[in-house]
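Residues per chain are reported as follows:
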Amino acid sequence: MTADRLLAAIGALFALMSVAAGAFGAHALRARISSELLAVFETAAKYQMYHALALVLAAVAYAKWGGAALIWAGWLFVAGITVFSGSLYILALTGTRWWGAVTPIGGVCFLIGWVLFVWGILSETN
């Protein structure tokens, strides 16, 4: 399987999981956790969806233009979703606040991924 197809498939799976998480939060968690923790859970689902779509877009951009920066951007979006959204999901479900200290690592992955995404699109080597 090519890198672009793999990243697009991972992005689609993350999007599916985000929809499921959003439904779970809206229906199963609303009465079980505080509104503050529910907002944290919803933030995790929202950023997961944004970056799942960005991951698919990075795969499409790589298929069109090539370039290692676009593949790296995709993998950084995968890492960001895993760490950023994952830590927020755990924080919301367990109430263990120290998971919030892990979340910025995922945010940095997102930011670097976006920088590489821009670089990959504008790079003259493509």
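Counting from 1, residues in each chain are numbered in the order their sequence is written. Restriction of local features to residues with pLDDT of at least 70 applies here, the model being predicted, together with a cutoff of 80 or more for giving and counting side-chain atom pairs; totals for whole chains, interfaces and linings are based on all residues. Excluded from the side-chain calculation are hydrogens and water; included are all heavy atoms of the structure.

## Things to note about the packing of helix α1 (residues 3-29) against helix α3 (residues 68-94)
If you want to describe how two helices pack, look at the angle between their axes and the distance between the axes. This is how the line gets drawn: Only the stretch in contact is used when a helix axis is fitted, and all axes are lines through C-alpha atoms; the angle between N-to-C directions ranges over 0 to 180 degrees. Going along the chain from the N terminus, every DSSP run of H or I of four or more residues is numbered as a helix, and every run of E of two or more is numbered as a strand. For classification purposes, angles smaller than 35 degrees are called roughly parallel, those larger than 145 roughly antiparallel, those between 65 and 115 roughly perpendicular, and all remaining angles oblique. Helix crossings fall into two classes, left-handed where the near helix is turned counterclockwise from the far one by less than a right angle and right-handed where it is turned clockwise. We call two residues contacting when some pair of their heavy atoms lies within 4.5 Å. Each residue gets one label: Ala, Val, Leu, Ile, Met, Phe, Trp, Tyr, Cys and Pro are nonpolar, Asp, Glu, Lys and Arg are charged, and the others, such as Gly, are polar.
Close contact between α1 and α3 brings their axes to 11 Å; oriented N to C, the two are set at 20 degrees. On the basis of their axis angle, the class for α1 and α3 is roughly parallel. For the crossing formed where α1 meets α3, the hand is left-handed. On the side of α1, the interface is formed by Ala3, Asp4, Leu6, Leu7, Ile10, Phe14, Ala21, Phe24 and Leu29, while α3 contributes Ile71, Gly74, Trp75, Val78, Ile81, Thr82, Tyr89 and Leu93. Here the contact of α1 with α3 is built from residues that sort into 14 nonpolar, two polar and one charged.

## So, the pattern of salt bridges
Side-chain pairing between opposite charges can occur once the charged atoms of the two side chains come close. Heads up, the rule is: The salt bridge definition used is simple: a Lys or Arg side-chain nitrogen within 4 Å of an Asp or Glu carboxyl oxygen. Only protein chains enter the accessibility calculation, which uses a 1.4 Å probe; a residue whose area is less than 20% of its type maximum is buried, one above 50% is exposed, and one in between is partly exposed.
Taken as a whole and assessed by the stated rule, the structure comprises one salt bridge. With a closest N to O distance of 3.2 Å, Glu36 and Arg97 form a salt bridge. Within this pair, whereas Glu36 is found in helix α2 (residues 35-65), its partner Arg97 is found in the loop between α3 and α4 (103-122), the two being separated by 61 residues in sequence. We classify Glu36 as partly exposed; its relative accessible area is 47%. What makes Arg97 partly exposed here is its relative accessible area of 48%.

## What about α4?
Since one α-helical turn is 3.6 residues long, residues separated by three or four positions face the same way. Which entries qualify depends on this criterion: Expected span, for any helix, means 1.5 Å times one less than how many residues it has. Along the arc lie the directions from the helix axis toward the C-beta atoms.
Spanning 20 residues, α4 covers 29 Å between terminal C-alpha atoms, matching the ideal 28 Å at 1.5 Å per step. Among all positions of α4, only Thr103, Gly106, Gly107, Cys109, Phe110, Gly113, Phe117 and Gly120 are buried. On an axial view of α4, the arc spanned by its buried residues comes to 155 degrees, and they lie on one face. Exposed and oriented more than 90 degrees from the buried face of α4 are Ile105, Leu111, Val115, Trp119 and Leu122. Of the surrounding elements, those touching the buried residues of α4 are α2 and α3.

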